[in-house]
Amino acid sequence: MSNTKSTSDPQTSHDGRKGEGDMPSPMEVLRQARAQLSELTGMTAESVSSFEQTEDGWSLEVEVLELERVPDTMSLMASYQVELDPEGQLTGYRRVRRYERGRADAHRPGGR
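Residues numbered from 1 in each chain as written. Predicted model: local features only at pLDDT ≥ 70, side-chain atom pairs only at ≥ 80, totals over all residues. Heavy atoms only, no water.

*Asks:* Could you clarify how one ought to interpret the sheet that holds strand 6 (residues 90–100) in this entry?
*Replies:* One key point about sheets: their strands pair by backbone hydrogen bonds, in either a parallel or an antiparallel sense. Across the sheet, 4 strands lie side by side as 3-4-5-6; this open sheet has antiparallel pairing. The open sheet is flanked by strand 3 (44–54) and strand 6, the only strands paired with a single partner. Neighbouring strand axes in the sheet, compared pairwise and without regard to direction, differ in orientation by 20° on average. Here strand 5 (residues 76–84) pairs with strand 6 via 9 bridges, running antiparallel. By the bridge assignment for strand 6, Ser 79 is matched with Arg 97. (Pairing = 2+ DSSP bridges. Helix = DSSP H or I, 4+ residues; strand = E, 2+ residues; numbered from the N terminus. Axes fitted to C-alpha atoms, helices over the stretch in contact; angles between N-to-C directions.)

What follows is the structure, encoded as C-alpha cells:
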C-alpha cells in the first residue's frame, strides 16, 4: 500500500532531522491533504492552488466543490487553508473564500 510507513528504527531524513523513515514527497503531501480534507468535510477537493513548506510542516490552499449546480459555472466553490505536520497529517483547516466557479477574482488597482 502506498500510505504505509516503515516502523523500523528511527533514521535521519534527507534534511538531517531524526524521524521514522523518510519524509513524504511534495506530491504525497498534496495527495494526503486533498484526501484528508475531503474525508473530513465530505466535499470534493478539486485542486491545490498554493503549496509551501513551513517551519511547522506544510501549508496549502485547496479548492473545494461545496455545492454542485447546473450549469457547472454556477457551482459554489471554496478555498480552504490547510495545515499539515511534517509527515503530511492534517492538523487544521479553515475556509478562506467562497465563490461561484464561473467568476474570476476582481483585481483592481488600489485594492478597490
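*Asks:* Would you mind going over the environment of Arg 98 with me for this structure?
*Replies:* Residue placement: Arg 98 occurs in strand 6. In this structure Arg 98 comes out as partly exposed when scored by relative accessible area, which is 48%. Beyond its immediate sequence surroundings of up to four residues, Arg 98 is in contact with Glu 66, Leu 76, Met 77 and Ala 78. A polar side-chain atom of Arg 98 sits 2.6 Å from a polar atom in the side chain of Glu 66. (Buried < 20%, exposed > 50% of the residue type's maximum accessible area, 1.4 Å probe, protein only. Contact = heavy atoms within 4.5 Å. Polar contact = N/O pair within 3.5 Å; in protein donor to acceptor, adjacent residues only side chain to side chain.)

*Asks:* Mind showing me how you'd approach the side chain of Ser 79 here?
*Replies:* Mapped onto the elements of the fold, Ser 79 is located in strand 5. What Ser 79 contacts, discounting residues up to four positions off in sequence, is Glu 61, Val 62, Glu 63, Arg 94, Arg 95, Val 96, Arg 97 and Tyr 99.

*Asks:* Please explain a negative patch on the surface as it appears in this structure.
*Replies:* Side chains of Glu 52, Glu 55, Asp 56 and Glu 83 sit close together on the surface and give a patch of like negative charge. A relative accessible area of 49% places Glu 52 in the partly exposed class. (Patch = residues over 30% accessible without salt bridge, like charges linked within 9 Å, V, L, I, M, F, W, Y side chains within 5 Å. Areas by Shrake-Rupley, 256 points an atom, 1.4 Å probe, with all protein chains shown as cover. Salt bridge = Lys/Arg side-chain N within 4 Å of Asp/Glu carboxyl O. Lys, Arg positive; Asp, Glu negative; His and termini not counted. Charge placed at Lys NZ, Arg CZ, Asp CG, Glu CD.)

*Asks:* Please explain the pattern of salt bridges as it appears in this structure.
*Replies:* Where charged atoms from two side chains of opposite charge approach closely, those side chains can pair. As enumerated under the stated definition, the model contains 6 salt bridges in all. Of the charged contacts, one joins Glu 66 and Arg 98 as a salt bridge, the two residues approaching to 2.6 Å between their closest N and O atoms. Taken together, the residues Glu 66 in strand 4 (residues 57–67) and Arg 98 in strand 6 connect sequence positions 32 residues apart. Where Glu 100 meets Arg 69, a salt bridge forms, and the shortest distance between an N and an O atom there is 3.9 Å. Of this pair, Glu 100 sits in strand 6 while Arg 69 sits in the loop between strand 4 and strand 5, and the two are 31 residues apart along the sequence. Judged by relative accessible area, Glu 100 falls into the buried class, the value being 19%. A residue is classified by how much of its surface remains accessible, and Arg 69, at 34% relative accessible area, is partly exposed. Bridged by salt links that share partners, the residues Glu 46, Asp 72 and Arg 101 form one connected network.

In short, geometric facts, not functional conclusions.
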